[in-house]
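Chains, contacts and geometry: an overview
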Amino acid sequence: MPRLNTDTREEVKTVALRLFSTRGFEQTSLREIAEELGITKAALYYHFASKHDLLSALITPLVEDLQAFFAGAEARARTDQRGVLEDYFDMCARHRQVFAGLLRDVQVLSELDLVATMIHWRSRLDAMLVGDDPVDRVRAVVALGGLQDCVILFPGDAATAAIRTHAIDAALRALTPHPSV
C-alpha cells in the first residue's frame, strides 16, 4: 500500500505516541512501530537513533507547552484562577497521549530524568495558585490532579469538551477555602 504522508519522522511519532499511550513504552518495540508504518527498522533508525530519542521527541512538545503555559500563567494565577485552570486543562488535553503513556510506564520518567522536573512544575503551579501554606497546597494538588485525571479518564475530544467546564468548576471549588466542619 502506498504511503500517504511523506513526512516519515512525523508518521513515526504519531504511531509511536498511539502505541506508547495504549501499550506502554517498555511494551512497544521499534519493530512494531516500523511494521505498522510499513517501513524497515533501519528506516526508523534513520529518523531516531533509539527508542529513548523517539520518546524524547514526543515529550519535547509537552515541555515546550508547559514553559509557555508558565510564562502566561505566572502573572495572573491569583487574579484569574479560572483562566489558568482552563489553560492547564487544555494543555493537558493536547498532550493526553503523552500523559497516558507516561502513566503506563512511570519508570520512563526516571530514565529520562523527568521526575524532579515534573514535581517542580506541579509545585510551582500549586504555589502560583495558592501560595506556600501547606493546607492551601493540598487544595491545589487536588484541583490540578483532578483536572489531569479527567483528561486521562475521559479520552476523546468529544468527552473532553463535554466535561471541561464541569472539571474546571470542580477544580475551582477545590481551590476555595471552606470553613472547617
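Structure report, in brief. (Residues numbered from 1 in each chain as written. Predicted model: local features only at pLDDT ≥ 70, side-chain atom pairs only at ≥ 80, totals over all residues. Heavy atoms only, no water.)

**Topic: the overall build of the protein chain**
Let me state the cut-off plainly: The secondary structure listing takes helices from DSSP runs of H or I that are at least 4 residues long and strands from runs of E that are at least 2 residues long, numbered from the N terminus. Contacts are residue-level and defined by heavy atoms, with any inter-residue pair within 4.5 Å sufficient. Using a 1.4 Å probe, accessible areas were evaluated by the Shrake-Rupley method; residue-level cover was limited to the displayed protein chains. Residues counted as positive are Lys and Arg, residues counted as negative are Asp and Glu, and His and the chain ends are not counted. Each charge is placed at NZ for Lys, CZ for Arg, CG for Asp and CD for Glu.
In terms of helices and strands, the protein chain carries 10 helices and 0 strands. Projecting the C-alpha coordinates of the protein chain onto the three principal axes gives extents of approximately 65 × 35 × 30 Å. In the protein chain, of all internal contacts separated by at least 6 residues, the share reaching a separation of at least 24 is 69%. If you sum the accessible surface of the protein chain, you get close to 9900 Å²; carbon and sulfur atoms cover 58% of it. Once the 20 positive and 25 negative side-chain charges of the protein chain are each reduced to a mean point, those two points are 2 Å apart.

**Notes on the packing of helix 4 (residues 51–73) against helix 5 (residues 81–94)**
To be explicit about the condition: With axes taken as lines fitted to C-alpha atoms, and helix axes fitted only over the stretch in contact, angles between N-to-C directions fall between 0 and 180 degrees. Any angle from 65 to 115 degrees is called roughly perpendicular, while one under 35 is roughly parallel, one over 145 is roughly antiparallel, and all others are oblique. Side-chain classes follow a simple rule in which Ala, Val, Leu, Ile, Met, Phe, Trp, Tyr, Cys and Pro form the nonpolar group, Asp, Glu, Lys and Arg form the charged group, and the remainder, Gly included, forms the polar group.
For the pair helix 4 and helix 5, interaxial distance at closest approach is 11 Å and the crossing angle is 175°. The orientation of helix 4 with respect to helix 5, classified from their angle, is roughly antiparallel. On the side of helix 4, the interface is formed by Asp65, Leu66, Phe69 and Ala73, while helix 5 contributes Val84, Asp87, Tyr88, Met91 and Arg94. A breakdown of the residues in the contact of helix 4 with helix 5 according to their chemical character gives 6 nonpolar, no polar and 3 charged.

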